[in-house]
Amino acid sequence: MFHGSGLFALLLMVLEWTRPGLSSPLRPICDLRVLDHFIKEAWDAEAAMRTCKDDCSIATNVTVPLTRVDFEVWEAMNIEEQAQEVQSGLHMLNEAIGSLQISNQTEVLQSHIDASIRNIASIRQVLRSLSIPEYVPPTSSGEDKETQKISSISELFQVHVNFLRGKARLLLANAPVCRQGVS
């Protein structure tokens, strides 16, 4: 009987969270293990592409964010600037990875592409739960100095991993909503 009542309680909790018609804000997701899950999946994709040589070139170079972090500059930025940099980077990665769907890919590569796109959408949802501002495209069409061009799928997934491990992790670890209970 206890097992059934526990399952019933779990079902009630899930139904409460998904009840239609409620416009309650998302609960903040401050646990970095959530991001670690996405980093691991990105790392798996990068590891799978490491062995790929000729089949992993990209027809045209794609623009991706730089992954290096100058900690002095990062710390001097306010949360909105940090959020814009991360959201912009996620947008570039999503565009670059999404552009791979156009070409004929192997089933394995396609599964990594699909998973990466879903993971970026999930990371954006995590950022939304933390009240981190959405991506706002720049008004000027000039080339961003915080970008680089790459020409292979393995490089793309490597940038994806490094971006999540660096700037995305820094932003999530220091999100104001997550630090409210910390003194």
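Remember, predicted model here, so these are calculated numbers, not experimental data.

**Q** I'd like a rundown of the UniProt feature "disulfide bond" in the chain, residues and numbers included.
**A** For the UniProt disulfide linking Cys30 with Cys178, the SG atoms sit 2.0 Å apart, under 2.5 Å and consistent with a formed bond. One end of the pair, Cys30, is in the loop between helix H1 (2–18) and helix H2 (32–50); the other, Cys178, is in helix H7 (residues 176–179), and 148 residues separate them in sequence.

**Q** Which residues make up the pattern of salt bridges, and what values do they have?
**A** Tallied over the full model, the rule gives seven salt bridges. Residue Arg33 is joined to Asp31 by a salt bridge in which the shortest nitrogen-to-oxygen separation is 2.6 Å. Judged by relative accessible area, which is 35%, Asp31 ranks as partly exposed. With a shortest N-O distance of 2.6 Å, Lys167 and Glu85 are connected by a salt bridge. Here Lys167, found in helix H6 (residues 153–173), pairs with Glu85, found in helix H4 (residues 79–99); they are 82 residues apart in sequence, far enough to count as distant. Note on Lys167: relative accessible area 2%, which makes it buried. Salt bridges linked by common partners bring Glu85, Glu146 and Lys167 together as one network.

**Q** Report on the state of the cysteines, specifying residues and quantitative values.
**A** Applying the stated rule across the entire model yields one disulfide. Here Cys30 engages in a disulfide with Cys178; their sulfurs sit 2.0 Å apart. Between Cys30 and Cys178 the sulfur-sulfur dihedral comes to about -90°; the bridge is accordingly left-handed.

**Q** How would you sum up the nonpolar core? Please name residues and give values.
**A** Among the nonpolar cores identified, the biggest contains 41 residues, and Val64, Val86, Leu90, Leu127, Ile153, Leu156 and Leu164 are the most heavily contacted of them. Of all the secondary structure elements, the ones that give two or more residues to this core are H2, strand S1 (57–65), H4, helix H5 (107–129) and H6. Ranked by residue count, the leading element in this core is H6, at 11 residues.

**Q** Account for the packing of H2 against H6, with residues named and values stated.
**A** Relative orientation of the contacting elements H2 and H6 amounts to 165°, with a least axis distance of 8 Å. Put simply, H2 runs roughly antiparallel to H6. The two elements H2 and H6 meet at a crossing, and its hand is left-handed. Contacts between H2 and H6 pair Leu32, Leu35, Asp36, Phe38, Ile39, Ala42, Trp43, Ala45, Glu46, Met49 and Arg50 from the former with Ile153, Ser154, Phe157, Gln158, His160, Val161, Leu164, Arg165, Ala168, Arg169, Leu172 and Ala173 from the latter. For the contact of H2 with H6, the residue count by class is 15 nonpolar, three polar and five charged.

Basis of the calculations
Going along each chain's sequence as written, the residues are numbered from 1 onward. This being a predicted model, a pLDDT of at least 70 is required before a residue's local features are given, and a value of 80 or more before pairs of side-chain atoms are given or counted; all residues contribute to the totals for chains, interfaces and linings. Only hydrogens and water are set aside; all other atoms, that is, all heavy atoms of the structure, feed into the side-chain values. Criterion for a disulfide: a pair of cysteine sulfur atoms within 2.5 Å. UniProt positions are given in the numbering used here, feature names are shortened, and annotations may be inferred rather than shown by experiment. Strands are runs of DSSP state E lasting at least two residues, helices are runs of H or I lasting at least four, and both sets are numbered from the N terminus onward. Salt bridges are defined by distance alone: a side-chain nitrogen of Lys or Arg within 4 Å of a carboxyl oxygen of Asp or Glu. Burial classification: accessible surface area is computed with a 1.4 Å probe over protein chains only, and a residue below 20% of its type maximum counts as buried, one above 50% as exposed, and the rest as partly exposed. By nonpolar core is meant a set of buried Ala, Val, Leu, Ile, Met, Phe, Trp, Tyr and Cys residues that side-chain atoms within 4.5 Å join together. Lines fitted to the C-alpha atoms define the axes, with helices restricted to the stretch that makes contact. Angles between their N-to-C directions range from 0 to 180 degrees. Here is the rule for angles: anything less than 35 degrees is roughly parallel, anything more than 145 is roughly antiparallel, 65 through 115 is roughly perpendicular, and the remaining ranges are oblique. A crossing counts as left-handed when the near helix is turned anticlockwise from the far one by less than a right angle, and as right-handed when that turn is clockwise. The contact criterion used throughout is that any non-hydrogen atoms of two residues lie within 4.5 Å. The nonpolar class holds Ala, Val, Leu, Ile, Met, Phe, Trp, Tyr, Cys and Pro. Asp, Glu, Lys and Arg form the charged class, and all remaining residues, Gly among them, are polar.

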